[in-house]
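One-letter residues, chain by chain:
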Amino acid sequence: MARSSSGIVAGLTAAAIAAVGFLGYQASATAPAHPPAAAAQEPAPAASPAAAGKADPAKPVPVPEGSGTGVRVVYSLGQKRVWLVGDAGQPTRSFTVMPSTVHPKPGTYLVGSRSGAVTGSDGVPIEHVVRFATAEGVAVGFSARVDGSTPEPDRNKKTGGIRMARADGDAMWAFATINSKIVVIP
């Protein structure tokens, strides 16, 4: 009898672990559409802002004028930069990105789908995919490579992945849920 009781306990334990894993995935995929304003965070570290052509992380980069109002993600095609703008109209985070080969037109979009982890159209494992547009028949969205790198995309391929550092991808994933506003500016 002790033997069958330990088998039952082991089975119940395995079932409980599987249920917790499933509920964790389900919770991340169905996060609220309007997350509460997050505390300000530092940008992902860069090797050298001057050498990389990036702004000094100690000096916040202001949200561009004409980029809308309210809670939103602002994506500047020209600056290759994203701002996560909270309730007070102030950015909770701003960071540079590596644009894809296919670009969305300037305008306002809504997040239409999200994926926790997939293989990108370039064959690279990616995570925290936040899709918001289609351009030239290609889905366009933000993501981070699992290996953490942000290389230039292959210009011979039509891809829509706007890549960012993993820490920035984590912040985007928490901020830009389904139906969140994305404003693309030139």
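The rules we used
- Residues numbered from 1 in each chain as written.
- Predicted model: local features only at pLDDT ≥ 70, side-chain atom pairs only at ≥ 80, totals over all residues.
- Heavy atoms only, no water.
- Pairing = 2+ DSSP bridges.
- Helix = DSSP H or I, 4+ residues; strand = E, 2+ residues; numbered from the N terminus.
- Axes fitted to C-alpha atoms, helices over the stretch in contact; angles between N-to-C directions.
- Contact = heavy atoms within 4.5 Å.
- 1 Å grid on protein atoms, 1.4 Å probe; cavity = no way out; pocket = protein on both sides within 12 Å on 5 of 7 lines; lining within 4 Å.
- Points joined across faces, edges and corners; volume = space filled by probe spheres on them.
- Nonpolar A, V, L, I, M, F, W, Y, C, P; charged D, E, K, R; others polar.
- Buried < 20%, exposed > 50% of the residue type's maximum accessible area, 1.4 Å probe, protein only.
- Core = buried A, V, L, I, M, F, W, Y, C linked by side-chain atoms within 4.5 Å.

## A closer look at the sheet that holds strand S7 (residues 138–145)
Taken together, the 4 strands give an open sheet; going across it, the order is S5-S6-S7-S8, and neighbouring strands pair in mixed fashion. In the strand order of this sheet, the two ends are held by strand S5 (113–119) and strand S8 (161–164), each with one partner. With strand direction ignored, the average angle separating the axes of adjacent strands in the sheet is 30 degrees. The sheet contact formed by S7 and S8 spans 4 bridges and is parallel. Counted as the bridge partner of alanine 144 is methionine 164 from S8. Against the sheet, helix H3 (residues 166–175) makes contact with S5, strand S6 (125–135), S7 and S8, and its axis sits at roughly 60 degrees relative to S6, the strand it touches most.

## Topic: the layout of surface pockets
Here the second largest pocket is characterised by a volume of approximately 350 Å³. Forming the walls of the second largest pocket are 26 residues, and the residues nearest its centre are Ser121, Thr159, Gly160, Gly161 and Arg163. Secondary structure elements with two or more residues in the lining of the second largest pocket: S5, S6, S7 and S8. For the lining of the second largest pocket, the element with the most residues is S7, which contributes 6 residues. Of the residues in the lining of the second largest pocket, the class split is 10 nonpolar, 9 polar and 7 charged.

## Section: the environment of proline 60
Counting through the fold element by element, proline 60 comes out in the loop between helix H2 (49–52) and strand S1 (72–76). Classification of proline 60 as exposed rests on a relative accessible area of 73%. Sequence separation between proline 60 and serine 94 is 34 residues; the distance between their C-alpha atoms is 7.9 Å.

## Focus on the nonpolar core
The biggest cluster of nonpolar side chains holds 25 residues, and the ones touching the most others in it are Val73, Val82, Leu84, Phe132, Phe142 and Met172. Sorting the residues of this core by element identifies S1, strand S2 (81–85), S6, S7, S8, H3 and strand S9 (181–185) as the ones contributing at least two each. Setting aside chain neighbours within four positions, we find phenylalanine 132 in contact with Pro104, Tyr109, Leu110, Val111, Gly112, Val140, Gly141, Phe142, Ile162, Ile182 and Val184. Counting 7 residues, the second-largest nonpolar core is a separate cluster that includes Val63, Val74, Val183 and Ile185.

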